[in-house]
Amino acid sequence: MATTSTHYRTMPEGRRSTGWRALWLLALLFTVSTASTAFAASDDFEQGLALLSEKSFSKKGRAIELLVASGHEQVLPLLQTMSAGELYYRKSDDRIVTRRDADTGYEITDAVSGEALGTVGRRDVKKVAINNTLRSQLTQAIAELQLGAADPGIRKTALEAMLSELTADSLPLLEKRRRTEQDDSVIEVLDIAIAVAQLESSERSVRLQALQALEGSLYPSVRNRLVTMTANDADAGVRKAAEKALITIESRVNLFSNLETLFFGVSLGSVLILAAIGLAITFGVMGVINMAHGELIMIGAYTTYVIQLLMPNAIEYSLLVAVPAAFIVSGLVGIAIERGVIRFLYGRPLETLLATFGLSLVLQQAVRSIFSPLNRSVETPQWMSGTWEINAIFSLTLNRLYIIAFCLIVFFLLHLILKRTRLGLEVRAVSQNRQMARAMGVRSQWVDALTFGLGSGIAGVAGVALSQLTNVGPNLGQAYIIDSFMVVVFGGVGNLWGTLVAGLSLGVANKVMEPWAGAVLAKILVLVFIILFIQKRPRGLFPQKGRAAEG
Amino acid sequence: MLIKSLLANDRGGRILLTALLLVSVAVVASNQLLPQDSMLHVPTYTVTLLGKYLCYALLAVAVDLAWGYLGILSLGHGAFFALGGYAMGMYLMRQIGDRGVYGNPELPDFMVFLNWQELPWFWSGFDQFWFAMIMVLLVPGLLAFAFGWLAFRSRVTGVYLSIITQALTYALMLAFFRNEMGFGGNNGLTDFKDILGFSLQADSTRLGLFIASAIALAAGYLLCRSVTNSRLGRVSVAIRDSEDRVRFIGYRVEKIKLAVFTLSAVLAGVAGALYVPQVGIINPNEFSPLNSIEAVVWVAIGGRGTLFGAVVGALLVNYGKSYFTAAMPEAWLFALGAIFVLVTLFLPRGIVGLFNRDSDQPSKARHPTDGDDSGPVTTAALPQEAH
């Protein structure tokens, strides 16, 4: 193939059009006599190319046939350009080119080799004009070529794109392809495509069979086809079958849209859990109302931002660095808050609330002064963007999937720390009975500081996750503080599992209500629900039992 | 006579009310009698600013009644303040009549803008001043009553109560941001023209509103003082210090809390209603949780459980806010935050606590200095105060 283009370029300029027409006749003869397909194919290509600059539409039609028959690898892009109406030929030598606007005239490039041919005047190139007949021929040819592509992915996408415009004419092509197709996922779409094409069949039984094959198919274009069929088909039995197929499709669509809502709900829930879980430690286990919790999240998000500034060439790995960094930074700030302020206010929760609120104002203003009040953009690494397509209407965004996974990892790590480590044991001992723990030799002040640092560090880690979902700005924390408290209170103070369940159920409830209530109203309803719920069960979903709960 | 008996044991209150009277008279006199270029002339702008502070002070008194005397740290009093403000704002909106941008005699501008054809039912009646004034009292009162009835009956106390009051005001803020609610959405209600036929731009109206605010503050103060001096007040202080004991003695704790909390909310509503014509706008930001917490801080700084401390705190902090936001806008949040922390750490009885040793203020059994034994307590359902 490579030889063709070099050959093409060394052609004598000028008389090519006519000379090659003669050659084409020769080549035809040659093909018949010798069956030398390789040679014929490359000749077909040159022939077709030459015919493209003809005025007559029928000759251009012949050109397309020849080009397709040649099997040349440049044919598909060439035809696509032509179909888009962006193919031109140079008047001086009929060379097929594409053009780009330049200061004077056009910058032209060879359409096949991509060789730059310099700038020409505005009148030196002419468009390869197409009409409607040609356009449908082109569409057909492009489809055929794409179906023959080596990559099954391309074949599949091509088929999916074709679904909406399939007619009975496409049937032979599709059936031919079906006989040779190897790839399972392509076969699946091919069968649907064949069935769609058969819907146009004049025979009732064929249409009915096609309808049966299409039952449960999720492609929107299939659905549209069936909707028109239920209204327009001549045969009552077929209309009925189409309706039946539609009902099956609708129920499957509903199922998947419900799954999608669930997924959105779970991912919102994970965000809530991440934001709240640090609070579940400081508020739940220690009983400290930390209104600056949101700002610790914000600090985590800004840590991510700074890390990305520090390693601009390794954004892919920046998050892996940012997670421990944010944990340490927020954790240290947390320990400083505990040692500097909260330690003096134990046993006076309302005062703690006020003092930490003051701290949150100071932290916000500090960030505003250091980083400016504007939002900062944190980049998303390549591996986190993209979607995971499960079928035509159901796909999951990867970053949300990662957040869900991350949330679960953080949750279970925290659970392990509290249940399996020495620190966790001491934390639980101190929170259950401070005097007794001290009598056993636990350094309660040390444990207080570390517990608070742990909760704050987790908040920082949540900030890393949030930096991938929302804007990083000084108000980031404020947006989450009320939600976080709601989650912890709803789940039951002092209970990590409660936080998990509460976060997930609030997230899902929010997303379930969103379609009919709107985002804001859904949020209001959730808040009102929690306010009422607290009245009914003041200690949350999973209240603490035993003497510790009596306060 | 009545006032004298109310203030018999209230030296701070006597000083405060006297000062309020003197300052009001002085301000009005200087604004009216002194020439513009005199050193002592108080410009109308300052009069309105002072009037705004007085409204804040009334809100602070309301918060102190609930927090200082009943032990309910409400982080949602801003909601009652804003509701009172909206009731007044609706009246002022109706007074605009056909002088709005769209010139619709019936509908406020924002409704014309949203293509609404007729006034929603909840707007009817607000063209009457008396009706609006009843709503100023009724709406915050009813909300507080319903909220308190649910919360106190199921014995939601302490931090939990604080957090759900915060959720309440947050939910209301989100709701009022919605255009569909019919309260002007994001922009709120503004462009007011006149009140009771007097133009809001006129100096005399502004002076009148200032005087009304001063009278409302004084009346609100005396009302709260009469409550705290009464048996009701003494029981509520007992509830603050030990709710369970009061319940075991046989008092219906819920009813007492409900009564005091509702009164406090109504006062906050009145403050909001006086505030709106002076600042000329009411929008959903008034519901933001930050505003409510700020009101709590005024009380904490002034000294809670004293009533006059709340007034002192509100005036000082707001003066500081006006000064700082003009002089060094960057520094205001630093200063406010630092004040929060320092006051809670070092001035648990507030500024007036420095001067006043024998007040109703809650005593602190645990001082910041005896740190060791007073570690964190297991659950958040802590007693309001250490016994």
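Small disclaimer: the values here were computed from a predicted structure and weren't measured.

**Q** Outline the overall build of chain B, listing residues and values.
**A** The number of helices and strands found in chain B is 15 helices and four strands. Projected onto its principal axes, the C-alpha positions of chain B cover 70 × 50 × 50 Å. Residue burial in chain B is summarised as follows: out of 387 residues, 48% are buried.

**Q** Give a detailed account of unusual backbone geometry, specifying residues and quantitative values.
**A** Even without being glycine, A:Asp94 reaches a positive phi, approximately 60°. One can find A:Asp94 in the loop between strand E1 (88-90) and strand E2 (96-101). Phi is positive for B:Leu307, close to 65°, though the residue is something other than glycine. The topology assignment puts B:Leu307 in the loop between helix H12 (289-302) and helix H13 (308-327). With 30 C-beta atoms packed within 10 Å, B:Leu307 lands in the buried category.

**Q** Break down the interface of chain A and chain B for me, citing the residues and quoting the values.
**A** On the side of chain B, 51 residues touch chain A, which itself brings 52 residues to the contact. Counting residues per element, the ones that place at least two in the side of chain A that touches chain B are helix H15 (349-371), helix H17 (422-432), helix H19 (444-467), helix H20 (476-491) and helix H22 (519-536) of chain A. For the side of chain A that touches chain B, the class distribution of residues is 33 nonpolar, 13 polar and six charged.

**Q** Describe the pairing of strand E3 (residues 106-110) of chain A, listing the residues and the values that go with them.
**A** Residues and elements named next belong to chain A. In the sheet, E2 pairs with E3 via five bridges, with the strands oriented antiparallel. Counted as the bridge partner of arginine 100 is glutamate 107 from E3. Taken together, E2 and the strand that follows it, E3, pair antiparallel across an intervening segment of four residues, in which glycine 105 is found at a positive phi of about 75°. In terms of strand pairing, E3 meets strand E4 (residues 116-120) through three bridges, oriented antiparallel. In the strand pairing of E4, tyrosine 106 is matched with valine 120. Here E3 hands over to E4 after five residues, with glycine 114 in that stretch at a positive phi of 80°.

**Q** I'd like a rundown of the sheet that holds E4(A), residues and numbers included.
**A** Residue and element names in this part refer to chain A. As summarised here, the arrangement of the five strands in space is E4-E3-E2-E1-E5, forming an open sheet in which the pairing is antiparallel. Edge positions in the sheet fall to E4 and strand E5 (125-127), since each of these pairs with one other strand and no more. When the angles between neighbouring strand axes are averaged without regard to direction, this sheet yields 40°.

**Q** Describe the nonpolar core, with residues and values.
**A** Grouped together as the largest cluster of nonpolar side chains are 198 residues, with contacts concentrated most on B:Leu58, B:Leu59, B:Ala60, B:Val61, B:Ala271 and B:Val296. Leave out the neighbours within four places in its chain, and B:Leu58 touches B:Ala216, B:Leu217, B:Gly220, B:Leu267, B:Val270 and B:Ala271. Core analysis: the second largest hydrophobic core is formed by 59 residues, A:Leu51, A:Ile64, A:Tyr89 and A:Ala193 among them.

**Q** Just give me the short version of the environment of A:Lys59, but keep the residues and values in it.
**A** All names here are of chain A. Topologically, lysine 59 is positioned in helix H4 (residues 57-70). The partly exposed category is assigned to lysine 59, around which 14 C-beta atoms lie within 10 Å. Measuring from C-alpha to C-alpha, the distance between lysine 59 and glycine 48 comes to 9.1 Å, with eleven residues separating the pair along the chain. The contact partners of lysine 59, leaving out residues within four places of it in the chain, are Leu51 and Glu54.

**Q** Give me the lowdown on the packing of helix H9 (residues 231-241) of chain B against helix H11 (residues 253-279) of chain B, citing residues and values where you can.
**A** Residues and elements named next belong to chain B. Running from amino to carboxyl end, H9 crosses H11 at an angle of 110°, the nearest separation of the two axes being 10 Å. On the basis of their axis angle, the class for H9 and H11 is roughly perpendicular. Seen along the crossing, H9 lies across H11 with a hand that is left-handed. Of H11, the residues touching H9 (which contributes Leu232, Val235, Ser236 and Ile239) are Val253, Ile256, Lys257, Ala259 and Val260. Counted by class, the contact of H9 with H11 contains seven nonpolar, one polar and one charged residues.

Reading guide: rules and limits
Residues numbered from 1 in each chain as written. Chains lettered and ligands numbered in written order. Predicted model: local features only at pLDDT ≥ 70, side-chain atom pairs only at ≥ 80, totals over all residues. Helix = DSSP H or I, 4+ residues; strand = E, 2+ residues; numbered from the N terminus. Buried ≥ 20, exposed ≤ 12 C-beta atoms within 10 Å, placed from the backbone. Contact = placed C-beta atoms within 7 Å. Nonpolar A, V, L, I, M, F, W, Y, C, P; charged D, E, K, R; others polar. Pairing = 2+ DSSP bridges. Axes fitted to C-alpha atoms, helices over the stretch in contact; angles between N-to-C directions. Core = buried A, V, L, I, M, F, W, Y, C linked by C-beta atoms within 7 Å. Parallel < 35°, antiparallel > 145°, perpendicular 65-115°, else oblique. Left-handed = near helix turned anticlockwise from the far one by under 90°.

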